[in-house]
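# Structure assessment
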Amino acid sequence: MNIRGVWDKAVSLRDCLAHQRTVTSRRRYAEDEDPFNVKNCFVSDEAKILSSKAFRVLGDRTQVFTFPETPLIRDRKAHTMEVVASATIATEMLGLNTDLARAAALGHDIGHVPFGHIGEEWIARAMGSKKFCHEIMASIIAQKIERKGRGLNLTWHTLDAMLRHSGTMARAEMSQEAWVVRYADKFAYIFHDVNDIVSRMKYPVSRELMDVVNIFGVSQRERTTTAIAGLVVESADCGRVSFESSALARKFMLLRSLMYEIYPRVTQQNVDSMMEPVFEFLSTLNIGNPFLLLALMTDTDVVKIASRKVRGMQAFNLTSVSEIAPHLPAIGKIDLCDPDLEWNSFNPEKEVMR
Ligand SMILES: [Fe+2]
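Residues numbered from 1 in each chain as written. Predicted model: local features only at pLDDT ≥ 70, side-chain atom pairs only at ≥ 80, totals over all residues. Heavy atoms only, no water.

Let's shift gears to the packing of helix α4 (residues 76-94) against helix α5 (residues 98-107). In contact at an axis separation of 8 Å, α4 and α5 are set at 165° when each is read in the N-to-C sense. If you check the angle between α4 and α5, you find them roughly antiparallel. Classified by chirality, the crossing of α5 by α4 is right-handed. The segment α4 lies against α5, with Thr80, Met81, Val83, Val84, Ala87, Thr88, Thr91 and Glu92 engaging Thr98, Ala101, Arg102, Ala105 and Leu106. In terms of residue class, the contact of α4 with α5 is built from 7 nonpolar, 4 polar and 2 charged. (Axes fitted to C-alpha atoms, helices over the stretch in contact; angles between N-to-C directions. Helix = DSSP H or I, 4+ residues; strand = E, 2+ residues; numbered from the N terminus. Parallel < 35°, antiparallel > 145°, perpendicular 65-115°, else oblique. Left-handed = near helix turned anticlockwise from the far one by under 90°. Contact = heavy atoms within 4.5 Å. Nonpolar A, V, L, I, M, F, W, Y, C, P; charged D, E, K, R; others polar.)

Here is the structure:
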């Protein structure tokens, strides 16, 4: 496959979905602390997410490797910024709203719990609910936890794109920008995880996997560019954002399935010995839902508490979640499996169009 040919074809199709660009959205509450009343509501969303606590702690959450030996291995924040990069370029090429895609990409993983997907599976199992997931937690954190429980008051389109970026949450009606973020997330983690697993951690992988990834190019930049170009070409053909049916898309799906065979071998599997004692400790504090408190912690928070022989409020006060604890009584009960995004279709007097 000639990747330069795919790149050139994508360039010739620039702005092919411009007619489907999302131009505006609405916020849940009319009151908004945006002093400049910016015309582009998604720029305001970006600023809010960038200065949130949830975004700040992403650097202490697992992407694939927990506490990697080299600082060049991606953590959750590094991953997030690569999703932002791909989503920005893809929306720019397609003629879609780059600011909406950037805001949603910045916020898409703020719901991740300590130790990434393995930690998430532990909490879901302990809760006895298959519905618990980081996509829903992202919406909860943005709306109910940030700013002492007042929430960031993001636009509905940014929240919806954050919610639907992975898993079974996608639906045909979501914005084209949300679809771009969903694909950009996959491009980022598949290619950079190959990069980290093979080039940095030197894990042995099959010849088949390397043959498939090299179809997209020989470097991280080439591979990502080829995937974005493939997305643009197929999307122009379908009249909507798509990367499912072309030969390149099928190769990407094969690559994903090969990577999913590797993940269980390289990720932190022994989280029980840390999550269990920390959960038990949080349960004894009586300051809020221990599942919520645990979900909001960083990798370091959990390891620090788990390694203490004596655990008390002093240990808790050193964690990143201690700041939110005093506000939990006022926030009230939160259903950790409900993204609470049904407000877009009602109560218009409380919402504002921008
Ligand atoms: Fe992600």
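All of the protein donors around the iron ion are His79 (NE2), His108 (NE2), Asp109 (OD) and Asp185 (OD); their distances to the metal are 2.2 to 2.4 Å. Because the angles between the 4 donor atoms bound to the iron ion fall within 81 to 171°, the donor set is best described as irregular. When the donor residues of the iron ion are listed from N- to C-terminus, their spacing reads H-x28-H-D-x75-D. Of this pair, His108 sits in the loop between α5 and α6 (116-127) while Asp185 sits in helix α9 (residues 176-200), and the two are 77 residues apart along the sequence. As far as burial versus exposure is concerned, His108 and Asp185 are alike and both buried. (Donors = N, O, S within 2.8 Å, 3.2 Å for Na, K, Ca; no water. Tetrahedral: all angles 85-135°; square planar, octahedral: opposite > 155°, others 65-115°. Buried < 20%, exposed > 50% of the residue type's maximum accessible area, 1.4 Å probe, protein only.)

Further remarks concern the environment of Glu323. Positionally, Glu323 belongs in the loop between α16 (313-316) and α17 (328-331). Glu323 sits 270 residues away from Lys53 along the chain, and the two C-alpha atoms are 9.9 Å apart.

Despite not being glycine, Lys148 has its phi angle at roughly 55°, a positive value. Mapped onto the fold, Lys148 is located in the loop between α7 (134-145) and α8 (156-163). Its identity is not glycine, yet Asn286 carries a phi of approximately 60°, on the positive side. As for its position among the elements, Asn286 is in the loop between α13 (272-285) and α14 (290-296).

Quick look at the packing of α5 against α8 now. Packing of α5 against α8 brings their axes to within 8 Å, and their N-to-C directions diverge by 50°. Of the possible angle classes, the one that applies to α5 and α8 is oblique. In terms of crossing hand, the pair formed by α5 and α8 is right-handed. Here Leu100, Ala103, Ala104 and Gly107 of α5 come into contact with α8, specifically with His157, Thr158, Ala161 and Met162. Its residues placed into classes, the contact of α5 with α8 shows 5 nonpolar, 3 polar and no charged.

If you check the domain split of the protein, you get domain 1 (3-21 + 41-266) and domain 2 (270-322). Relative placement of domain 1 and domain 2: their C-alpha centres are 29 Å apart. Taken together, the contact pairs 21 residues of domain 1 with 18 residues of domain 2. For the domain 1 and domain 2 pair, buried surface summed over both sides reaches about 1700 Å², with 75% attributable to carbon and sulfur atoms. Asp272 is the partner of Arg125 in a salt bridge, and the nearest nitrogen-oxygen pair spans 3.9 Å. In this assembly, domain 1 and domain 2 are joined by 7 residue pairs in polar contact (both at pLDDT 80 or more). Top contributing element to the side of domain 1 that touches domain 2 by residue count: α6, with 7 residues. (Domains from an automatic or database assignment. Buried area = accessible area lost by both parts, 1.4 Å probe. Salt bridge = Lys/Arg side-chain N within 4 Å of Asp/Glu carboxyl O. Polar contact = N/O pair within 3.5 Å; in protein donor to acceptor, adjacent residues only side chain to side chain.)

Per the counting criterion, the structure on display carries 14 salt bridges. Here Asp196 makes a salt bridge to Arg200, at a shortest N to O gap of 2.7 Å. Note that Asp196 and Arg200 are positioned in helix α9 at a spacing of 4 residues, about one turn of the helix. A residue is classified by how much of its surface remains accessible, and Asp196, at 2% relative accessible area, is buried.

Structurally, the α-helix is built with 3.6 residues per turn, so residues lying three or four positions apart point the same way. In this model, α4 (19 residues) spans 27 Å end to end at C-alpha, consistent with the 27 Å of a helix rising 1.5 Å per residue. Buried within α4 are the following residues: Arg76, His79, Thr80, Val83, Val84, Ser86, Ala87, Thr88, Ala90, Thr91, Met93 and Leu94. Residues of α4 that are buried sit in contact with α1 (3-12), α3 (53-56), α5, α6, α9 and α11 (220-238). With a side-chain oxygen positioned 3.0 Å from the backbone nitrogen of Lys77, the residue opening α4 is Asp75. Phi for Gly95, located one or two positions after α4, is positive at around 85°. (Expected span 1.5 Å × (residues − 1).)

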